Amino acid sequence: MQFNDQTPLAPVAIDSYTAGEIIINQTAYTHNVQLGDNVALFAHASPHDLTLADFQAALHAGAQIILIGTGEKQQFLSPKLAAALSAHGAALECMTTAAACRTYALLASEGRRVWAWLWV
């Protein structure tokens, strides 16, 4: 049987998640992270602190789906924010961080342009 090396489709890979820690590209993070073309920390205390301005880099990069991992409990963001993102061609999905990690991995493996904001 022949084995071929495969290059990951996304530059960011989630290795694992537990409450309080997320391991991305073999690096442990204990603070909230944004995943897109790279990993970035952010200081928003709550998903409700996000505004359309926070998503400009994702929209500029052509994100198709924006995931919000809201921690251990699912929270929903403003319908106005979801509508504004939709007008720019991006879908907004809110879920627990564990679900967002799984969804991110699946969508990224399909080659989808997905960005995520994850509350650890």
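- As recorded in an unreviewed UniProt entry, the protein chain goes by the name Rod shape-determining protein RodA, listed as coming from Kingella oralis ATCC 51147.

**Section: the sheet that holds strand β3 (residues 27-29)**
Part 1 of the argument: Judged by pairing direction, the sheet is antiparallel, and its 3 strands sit side by side in the order β1-β2-β3 without closing on themselves. In this open sheet, the two strands that pair with only one neighbour each are β1 (14-18) and β3. Taken pair by pair, the neighbouring strands of this sheet meet at an average axis angle of 15°, ignoring direction.
Part 2 of the argument: Alignment of strand β2 (residues 21-24) against β3, held across 3 bridges, turns out to be antiparallel. The partner of Ile24 across the bridge, within β3, is Thr27.
Part 3 of the argument: Most of the contacts of helix α3 (residues 97-109) go to β1, to which it runs at about 165°, and overall it touches β1 and β2.

**Describing the pattern of salt bridges**
Part 1 of the argument: Considering all chains together, one arrives at 2 salt bridges under this definition.
Part 2 of the argument: Between Glu110 and Arg112 there is a salt bridge whose closest N-O contact spans 3.8 Å.
Part 3 of the argument: We classify Arg112 as partly exposed; its relative accessible area is 36%.

**Concerning the packing of aromatic side chains**
Part 1 of the argument: Within this structure, the stated rule accounts for 3 aromatic pairs.
Part 2 of the argument: Their ring planes at 70° and their centres at 4.8 Å tell us that Phe42 and Trp119 sit as a pair that is edge-to-face. Note that Phe42 is positioned in the loop between β5 (39-41) and α1 (56-60) and Trp119 in the segment after β8 (114-118), a separation of 77 residues in sequence. For the pair formed by Phe42 and Trp119, the shared burial category is buried.
Part 3 of the argument: An aromatic cluster of three or more residues is present, and its members are Phe55, Trp115 and Trp117.

Criteria and cut-off values
- Residues numbered from 1 in each chain as written.
- Predicted model: local features only at pLDDT ≥ 70, side-chain atom pairs only at ≥ 80, totals over all residues.
- Heavy atoms only, no water.
- Pairing = 2+ DSSP bridges.
- Helix = DSSP H or I, 4+ residues; strand = E, 2+ residues; numbered from the N terminus.
- Axes fitted to C-alpha atoms, helices over the stretch in contact; angles between N-to-C directions.
- Contact = heavy atoms within 4.5 Å.
- Salt bridge = Lys/Arg side-chain N within 4 Å of Asp/Glu carboxyl O.
- Buried < 20%, exposed > 50% of the residue type's maximum accessible area, 1.4 Å probe, protein only.
- Phe/Tyr/Trp six-rings, centres within 6.5 Å; stacked < 30°, edge-to-face > 60°.

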